Each structure stands twice: as C-alpha cells, then as structure tokens.
Amino acid sequence: MTIHIIVIAVLDTAIYIYKGAFCFSRHLFLRCFAMIKILFVCHGNICRSPMAEFVMKELVRRAGRENDFLIESAATSREEIGNDMHYGTRQKLHEMGIPFTRRAARQITRADYDRYDYLVAMDDENIWYMNRCWSPDPAHKIVRLLSYAGKTRDIADPWYTGNFDQTYEDILEGCTAFLEAIK
C-alpha cells in the first residue's frame, strides 16, 4: 500500500494533507490517516469478528505497533446490533489471556469502505454481503482472513458449532499470517 502525503510548512506550522483532508497536528494526522485500518466482519459481530479484533489488537501490541493500527469489527446482519460479545468468545479470550473490552455489535455501512484499508471476512457468506454493500471493490479491500494463511476455507461460526477453541485457532492463524503480510 502506497500512501502519498503532502506536508506544507506555513509560518513554522506544518499542514498535513492526505486525500483532500488536512490537519495541523502531526499526532492527529498520523492517528487519522497514516494508520493501517482493519475492519473484521462476520455475520452477527458477536463471535468471530470481535474475537479477531481483539486477537489482532493483542498481536500488534506484542509487536509494539499498537499505535500503527485501528482495528475494529462489524456485522453483515442486523440481528445482534447493540449486543456485547457472545459469552463463549469472552470466555475463550479470557482463557487465552487476550484482553478485551465491552462493546456493542454494529452493522457494516457504505462509509466503512472508505474508512478502512482492509475489510476482512470470516466466510464466503460474509463476502457475499460485503460485496452487496461495497460493490464494486476497486481497491480489492475485501479478503477472507484465512487466505493470508494460504487456506481457502471459512472460519466456522461457533454460534452454530459451539467450538470456540477451533474458531480461536483459525483466527489466531489467520491474524498471525495477516500481520506478517502487512508488516
């Protein structure tokens, strides 16, 4: 990913310009424009995508790069909007020592396409709905998480399987490979 940034110095004050937007604070500029922005997406935003969100946040924290990333998650459906993570997801994250916070499920929006650099799906159904929302995908932002690990299969939804252990292992494998790919 190539980022073109224009910095103009006016009377000892730098003005940062990126994609037509500008600001005077370097810190704010880096926070808003130079971060790698990732949105993990699953069906309800209570199991897989928030698990991936918090696993990825922990991986980038351990790599000392937490300030380089904005990592969030969303749903393709409206079914769970406003609900916190599934208790099985919270339990598995706690068991693995992955910190997490309370959150409310939300649905993807058209604006998300421009806001995020990567739109990361858990399965083919998610990709289908993401393409309905963001088609066409000229920047090729929509990708399946396990594709970074060289796999073509979906991450099974523990809402149906009840297997949060396998979901965690798949998400950890995908996020680890994803982080390596975008270093």
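Further up the page is the structure itself.
### Observations regarding the environment of M122
Move 1: For M122, the location among the structural elements is in the loop between β6 (118-121) and α5 (124-134).
Move 2: Counting along the chain gives 25 residues from M122 to S147, while the straight-line C-alpha distance between them is 9.9 Å.
Move 3: Residues in contact with M122, not counting those within four places in the same chain, are F40, V41, C42, R48, S49, A52, R144, L145, D154 and I155.

### Considering the side chain of K92
Move 1: Inspection of the secondary structure assignment puts K92 in helix α3 (residues 87-95).
Move 2: K92 has contacts with M51, F164, D165 and Y168, leaving out every residue within four places of it along the chain.

### Looking at the pairing of strand β4 (residues 36-42)
Move 1: Where burial is concerned, most of β4 is hidden: 7 out of the 7 residues are buried.
Move 2: Of the pairings in the sheet, the one linking β4 to strand β5 (residues 69-75) comprises 7 bridges and is parallel in character. Directly across from V41, in β5, lies its bridge partner A74.
Move 3: For the segment spanning β4, helix α2 (residues 48-62) and β5, crossover handedness is right-handed.
Move 4: As paired strands, β4 and β6 are joined by 4 bridges and run parallel to one another. Each residue of the ladder has a partner; that of F40, found in β6, is V120.

Rules of the game
- Residues numbered from 1 in each chain as written.
- Predicted model: local features only at pLDDT ≥ 70, side-chain atom pairs only at ≥ 80, totals over all residues.
- Heavy atoms only, no water.
- Helix = DSSP H or I, 4+ residues; strand = E, 2+ residues; numbered from the N terminus.
- Contact = heavy atoms within 4.5 Å.
- Buried < 20%, exposed > 50% of the residue type's maximum accessible area, 1.4 Å probe, protein only.
- Pairing = 2+ DSSP bridges.
- Right-handed = clockwise from strand over helix to strand, strands pointing away.

None of this, on its own, says anything about what the molecule does.
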